[in-house]
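The lines below spell out each chain.
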Amino acid sequence: MLCGICQETPGLRKVMFFENLMDAKEILKLEYTALNIRRNILRLIRAGEAGHVGGALSSVEIVTALYFNVMNVDPGNPKWPQRDRFVLSAGHKCLVLYAALAERGFFNVSVLDTYGALDSPIPGHPNMHKISGIETNTGALGHGLSIAGGMALGLRMDKSQSRVFVLMGDGELAEGSNWEAASAASMHKLDNLIVFIDRNKLQISGPTIQVMSYEPLDERWRSFGWSVRIIDGHDLESIIRNVKQAPFEKGKPSVIIADTLKSKGLSFAEGKVSYHYWKAKPEEFEIAERDLDDIENQLKAKMEEVGL
Amino acid sequence: MINELKDPRKTFGEAVIEAAANNPNIVVLSADSSSGSGLGDFPAKYPDRHFEFGIMEQGVIGFASGLATTGKIPVFAAIAPFVTARPFEMFRNDLGYMNQNVKVVGRCAGLTYDQLGSTHHSIDDVAIIRTIPGVTIINPGDPVTIRKAVHAMIKHVGPCYMKIGSPKMPVLYEEDVDFNLGKGIVIKDGRDVALIGTGTVLSKAVAAARLLEESGISVRLIDIHTIKPLDRELILSAARETGNIVTVEEHFIAGGLGSAIAEICSQECPVKMKMIGIGDQYASNGPYEELLGKYGLQPDQIKESVIKFLKNK
């Protein structure tokens, strides 16, 4: 299978990537993992009764691809120096991170049931000192990129092969500190730094382009010296294929603008700004369970077709 | 040599270069600020360990935090308000909350950027950084202790904020003075009043103590170079044994050394206190020594304040 062309860099060399065939079975398995992560997010919401669900659900496939295919991590040795790093700049998306870390075995899934409780190791924004697998204390928006840049710089000094992955929201791009970091990462040629922007196009007050637009994002990042691609953020095959080609240009940090749907997976909430932070009603849980069951049934049918 | 005038920034920079020779993990980050921080020679000596960022202090704090996660010891020196007030949230979250081994140095602190005005004065840095759990705050009062503070700060594992001034300052200590983070120095024992100074105006407190002794007042003169963690035993024994505490700092009275001492004494050994510093106002601009005079920080003024305080007690 041809793995694509650098469509997003017109004028530059067009390279055909003959990569290993991304096994359709492997993708289906990852889709199943993504479903489990969505179920874990629902479990967190059941425990805490509320949470920032919209941006967690829109970034499930990105986080699934990273933790279950792309990144070198060892749940049994979370501080392994050769690990790849993941920085959740948009710290309020922590539900997806907790859900994925539990699924990957960094801690027992029963920890998810403590969400919202006094002294829970999984607060509403992540704390690296409280639970295994968290790299940074984020939550104050628009600043994870600076920390990630420092990690990338330190790893390069050590001649490490590890890479630093960052997940940002599109709303948080209005924070100026991001653009300080974007300039510095480019100036210092941090091509071991790979950023995902979960472009779900909504923030708490409304559509991002109406609240404070930083569009066109691709041109903006390119002008800051980054190598840019735009992909479908729910397409696991595309996420993995593209991230494996990073750095897209030697000597440049890479940004993948992932177009996504906020609250993806919950029929009543998808694309609705009011579910940025969800205070769940009992009847909504029932619909949510049915939605995820539907996804599971479809997935199982597909898996049977290919003999899984 | 005692009373010899030395440039605090140059002293600081030389100490960092000295430390870097023995510790390959030390890296220096600059917000267009290394040359002005006495670190002008660092990039040529250690080109792979000096990173320029331009004028972006908030970003630099984040990068420093990230570098520290890989075992580096970042030293970031720039004009004091721009590494404290400007990036306060980053200091709190990236360094304090993440407990990163980063050394932030505010230079030209206090009123030492005299005529440049209030944007460049740093008389609130101790107050705000003191609220961040786990951050060590060091405010050395002479060139000898600046050098020792740099080495102690590098040796200490954890986030630190150190402040230094700008004009040349007199040597107050012999080279072999015992310097330990978190331990104050009793420069001179006395029984009538504890005069406690810190940082750039320590030399003024030293001179004031001399004047007070000439007036027959027995002064226990204390240098609190580490404002956090505070040497509570030393403070409490001074309170118990003299019954009078006067603090001297080039900082707002709100939240500074005097406040920190009052927080301990008011609860554990209440004594009458006088805090000499800057009140609730933006400091004015002008020649440094005249500015200190405007806020009662010259030795004869400190002496008068102490005498008045003891009389009115």
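As the structure is a computational prediction, the values presented were derived from the model and not from experiment. (Residues numbered from 1 in each chain as written. Chains lettered and ligands numbered in written order. Predicted model: local features only at pLDDT ≥ 70, side-chain atom pairs only at ≥ 80, totals over all residues.)

So, about the pairing of strand S4 (residues 73-79) of chain B. Along any regular strand the residues' side chains alternate between the sheet's two faces. Residues and elements named next belong to chain B. Among the seven residues in S4, seven count as buried, and that is most of the element. Pairing of strand S2 (residues 26-30) with S4, which is carried by four bridges, proceeds in the parallel orientation. Paired with Leu-29 across the bridge in S4 is Phe-76. (Buried ≥ 20, exposed ≤ 12 C-beta atoms within 10 Å, placed from the backbone. Helix = DSSP H or I, 4+ residues; strand = E, 2+ residues; numbered from the N terminus. Pairing = 2+ DSSP bridges.)

In this structure, A:Pro216 follows A:Glu215 across a cis peptide bond, with omega equal to -5°. For A:Pro216, the location among the structural elements is in the loop between helix H7 (208-211) and helix H8 (217-223). The omega torsion across B:Lys228 and B:Pro229 is -5°, close enough to zero to call that bond cis. Take B:Pro229: it is sitting in the loop between strand S12 (226-228) and helix H9 (232-242). For A:Lys189, which is not glycine, the phi torsion reads 55° and is therefore positive. Within the element layout of this structure, A:Lys189 appears in the loop between helix H6 (176-187) and strand S4 (193-199). For A:Lys189, a count of 17 C-beta atoms within 10 Å puts it in the partly exposed group. Here A:Ser263, not a glycine, exhibits a phi torsion of approximately 65°, which is positive. Within the secondary structure, A:Ser263 is located in the loop between strand S8 (254-259) and strand S9 (278-279).

Attention now goes to the interface of chain A and chain B. The interface is formed by 20 residues belonging to chain A together with 20 residues belonging to chain B. The residue makeup of the side of chain A that touches chain B, split by class, is nine nonpolar, nine polar and two charged. (Contact = placed C-beta atoms within 7 Å. Nonpolar A, V, L, I, M, F, W, Y, C, P; charged D, E, K, R; others polar.)

This part takes up the nonpolar core. Counting 177 residues, the largest nonpolar core has A:Ile41, B:Phe76 and B:Leu195 as its most contacted members. No other element matches helix H4 (residues 94-104) of chain A, which puts nine residues into this core. Here this core spans two domains, since at least three of its residues come from each of domain 1 (5-170) and domain 2 (185-312) of chain B. Setting aside its immediate chain neighbours within four residues, B:Phe76 contacts B:Leu29, B:Val60, B:Ala64, B:Val83, B:Val102, B:Val104 and B:Val105. (Core = buried A, V, L, I, M, F, W, Y, C linked by C-beta atoms within 7 Å. Domains from an automatic or database assignment.)

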